[in-house]
There are 2 protein chains.
Amino acid sequence: MYSVHETTASILQALKEAGYKFTGKRRAVVDLFVENRDRYFSAKEVYDHVSQIYPSVSFDTIYRTLGILVEQNVIEPMEFADDRARYRLQCARGHHHHLVCLRCGASIPIEECPIDRIRQQVPNFHIEDHRLEIYGYCDRCAGGADN
Amino acid sequence: MYSVHETTASILQALKEAGYKFTGKRRAVVDLFVENRDRYFSAKEVYDHVSQIYPSVSFDTIYRTLGILVEQNVIEPMEFADDRARYRLQCARGHHHHLVCLRCGASIPIEECPIDRIRQQVPNFHIEDHRLEIYGYCDRCAGGADN
DNA sequence: ACCCAAATCGGAATCGTTCTGATTTGAGAG
DNA sequence: CTCTCAAATCAGAACGATTCCGATTTGGGT
């Protein structure tokens, strides 16, 4: 069910099986995510990318496509602090969190998740969901060599 | 500097010292937070409260006041998943996170914070900030008895 | 080649938030 | 107590991200 897609083709295949049609615009959106595996993109950034190929594309199409991709577990959304939703190709592994570079947008998965520990500590609270986001600068962006 | 305010009076005093004027509308906003210490309120909810007392209050005033209170460390903002900013009286204790009830908006502080552990695991990533938010339902809202 | 639901378009609508220009008001100085 | 002026406020327009709508186009099965 939650197969992780490695190529644009396998993703488009999955969409087809889910009853969605194949279109050039959808391919353009999927391509962007596949070719930038660890990057988050805002809807605007996706729009800019697609409109280079299809100048007449509308935001409606972008948002609709993003919605489908989220629904199909191809990409995952995240709310950045700047209140624009961003999306990124779904990671291979199960539940985990990320270090997000504030400069280049790279996301680096980490193992640590505190939710089990917390769940034990507060048996009376019915936890439904949680978000852990860690912001900073990756080694490359932190200022050249070491910093 | 980061004194924690226990009363409306001490907050208004702090605002005065920061060069802000005292107005009834500001008092109404501060009152709401002080009288509901562990609750998050959206700008709309604050507006609704203030407009009961001052029917002509505008959103501009609400947002301006919220901005000042955040700047003065009287309240702290949080972005809920429903993409409306919410605010709550600044907590007394140092850094910590909360369980947030999706129904009533109550926020329950917890001790657990995974950031030190994570910092050790990724020495090459320069962590600047992080957010951990846990959503669910408090005992009271979880559906009466148990659910 | 034909058909129809799905996809797309462009533009309007919505929602939370911010800005603008004109008017009012808190509070210090006289 | 009045004068004064920057700060505060107001009403409404503007804004940016996202969604909706009616009309048109198109992928892909028959």
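Refer to the preceding data block for the structure.
Residues numbered from 1 in each chain as written. Chains lettered and ligands numbered in written order. Predicted model: local features only at pLDDT ≥ 70, side-chain atom pairs only at ≥ 80, totals over all residues. Heavy atoms only, no water.

Peer 1: Break down unusual backbone geometry for me, citing the residues and quoting the values.
Peer 2: In this structure, asparagine 73 of chain A takes a positive phi of about 60° despite not being glycine. Tracing the backbone shows asparagine 73 of chain A in the loop between α4 (59–71) and β2 (75–79). (Helix = DSSP H or I, 4+ residues; strand = E, 2+ residues; numbered from the N terminus.)

Peer 1: Explain the relation of the copies chain B and chain A to me, using residue names and the numbers behind them.
Peer 2: When chain B is fitted to chain A, the best match, at an RMSD of 0.5 Å, comes from turning it 179° and sliding it 0.0 Å along the axis. The operation mapping one copy onto its partner corresponds to a two-fold rotation axis. Scanning chain B for the C-alpha nearest the rotation axis identifies leucine 132 of chain B, at a separation of 2.1 Å. The share of interface residues of chain B whose copies in chain A are also at the interface is 100%, consistent with both copies meeting through the same surface. (Least-squares fit on C-alpha atoms with pLDDT ≥ 70 in both. Contact = heavy atoms within 4.5 Å.)

Peer 1: Lay out the protein's contact with DNA strand C with the relevant residues and their values.
Peer 2: Near DNA strand C there are 18 residues, and of these Thr23, Lys25, Arg26 and Thr61 of chain A together with Tyr63 of chain B occur at the shortest range. Taken together, the sugar and phosphate atoms account for 69% of what DNA strand C places within 4 Å of the protein. One nitrogen or oxygen atom from the side chain of threonine 61 of chain A is found 2.7 Å from a phosphate oxygen belonging to DNA strand C. Of all the elements in the fold, those that place two or more residues in the surface near DNA strand C are α2 (24–35) and α4 of chain A together with α4 (59–71) of chain B. Along the lines of polarity and charge, the residues of the surface near DNA strand C split into six nonpolar, four polar and eight charged. (Near = heavy atom within 4 Å. Polar contact = N/O pair within 3.5 Å; in protein donor to acceptor, adjacent residues only side chain to side chain. Nonpolar A, V, L, I, M, F, W, Y, C, P; charged D, E, K, R; others polar.)

Peer 1: Can you lay out helix α1 (residues 8–17) of chain A for me, pointing to particular residues and giving the numbers?
Peer 2: Residue and element names in this part refer to chain A. Listed in full, the buried residues belonging to α1 are Thr8, Ile11, Leu12 and Leu15. Along the axis of α1, the buried residues cluster in a sector spanning 95°; they form a single face. Turned more than 90 degrees off the buried face of α1, the exposed positions are Ala9, Lys16 and Glu17. Those residues of α1 that are buried are in contact with α2, α4 and β3 (85–89). (Buried < 20%, exposed > 50% of the residue type's maximum accessible area, 1.4 Å probe, protein only. Arc of directions from axis to C-beta.)

Peer 1: I'd like to hear about the interface of chain B and chain A, residue by residue, with values.
Peer 2: Every contact between the two is made by 36 residues of chain B and, on the other side, 36 residues of chain A. Taking both partners together, chain B and chain A bury about 2,900 Å²; carbon and sulfur atoms supply 63% of that area. Considering only the side of chain B, the residues that lose the most area to chain A are Phe125, His126 and Arg131 of chain B, jointly responsible for 24% of the buried surface there. Here chain B is connected to chain A by four salt bridges. Viewed at the interface, chain A and chain B are joined by 14 residue pairs in polar contact (both at pLDDT 80 or more). Those elements that place two or more of their residues in the side of chain B that touches chain A are β4 (97–101), β5 (107–110), α5 (115–121) and β6 (126–137) of chain B. Here the side of chain B that touches chain A takes twelve residues from β6 of chain B, the largest share from any one element. Partitioned by chemical class, the residues of the side of chain B that touches chain A number 20 nonpolar, six polar and ten charged. Sheet analysis places strand β6 (residues 126–137) of chain A next to β6 of chain B, joined by eleven bridges and oriented antiparallel. (Buried area = accessible area lost by both parts, 1.4 Å probe. Salt bridge = Lys/Arg side-chain N within 4 Å of Asp/Glu carboxyl O. Pairing = 2+ DSSP bridges.)

Peer 1: Can you explain the protein's contact with DNA strand D? Please cite residues and give values.
Peer 2: Taken together, 18 residues sit near DNA strand D, with Tyr63 of chain A together with Thr23, Arg26, Thr61 and Arg64 of chain B positioned nearest. When atoms of DNA strand D within 4 Å of the protein are split into backbone and base, the sugar-phosphate part holds 69%. Lysine 21 of chain A is positioned with one of its side-chain polar atoms (N or O) 3.4 Å from a base nitrogen of DNA strand D. Contact between DNA strand D and valine 57 of chain B: a phosphate oxygen at 3.4 Å from a main-chain N or O atom of the residue. Class assignment for the residues of the surface near DNA strand D results in six nonpolar, four polar and eight charged.

Peer 1: Provide a residue-level description of the sheet that holds β6 of chain A, including the pertinent values.
Peer 2: Spatially, the six strands line up as an open sheet ordered β5(A)-β4(A)-β6(A)-β6(B)-β4(B)-β5(B), and their pairing is mixed. Sheet topology places β5 (107–110) of chain A together with β5 of chain B at the edges, where each strand pairs with a single neighbour. Neighbour-to-neighbour, the strand axes of this sheet turn through a mean angle of 25°, independent of strand direction. (Axes fitted to C-alpha atoms, helices over the stretch in contact; angles between N-to-C directions.)

Peer 1: Describe the packing of aromatic side chains, and please don't skip the residues or the numbers.
Peer 2: Residues and elements named next belong to chain A. Counted according to the given criterion, the structure contains six aromatic pairs over all chains. Between phenylalanine 33 and phenylalanine 41, the ring centres sit 5.9 Å apart and the planes meet at 80°, which makes this aromatic pair edge-to-face. Accessibility expressed as a relative area gives 1% for phenylalanine 33, which makes it buried. With a centroid separation of 4.1 Å and 10° between ring planes, the pair formed by tyrosine 47 and phenylalanine 59 is classed as stacked. Taken together, the residues span a long stretch of sequence, with tyrosine 47 in helix α3 (residues 43–53) and phenylalanine 59 in helix α4 at a distance of twelve residues. Residue tyrosine 47 is classed as buried on the basis of its relative accessible area of 19%. On the basis of relative accessible area, phenylalanine 59 is assigned to the partly exposed category, the value being 34%. (Phe/Tyr/Trp six-rings, centres within 6.5 Å; stacked < 30°, edge-to-face > 60°.)

Peer 1: Help me get a handle on the packing of helix α1 (residues 8–17) of chain B against helix α2 (residues 24–35) of chain B, residues and values and all.
Peer 2: Between two packed helices, the angle of one axis relative to the other and the distance separating the axes together describe the packing. Residues and elements named next belong to chain B. Interhelical geometry of α1 versus α2 gives an angle of 135° and a closest axis separation of 10 Å. Put simply, α1 runs oblique to α2. Crossing of α1 against α2: the hand is right-handed. Here α1 contributes Thr8, Ile11 and Leu12 to the contact with α2, which in turn contributes Arg27, Val30, Asp31 and Val34. The residue inventory of the contact of α1 with α2, partitioned by class, reads four nonpolar, one polar and two charged. (Parallel < 35°, antiparallel > 145°, perpendicular 65-115°, else oblique. Left-handed = near helix turned anticlockwise from the far one by under 90°.)

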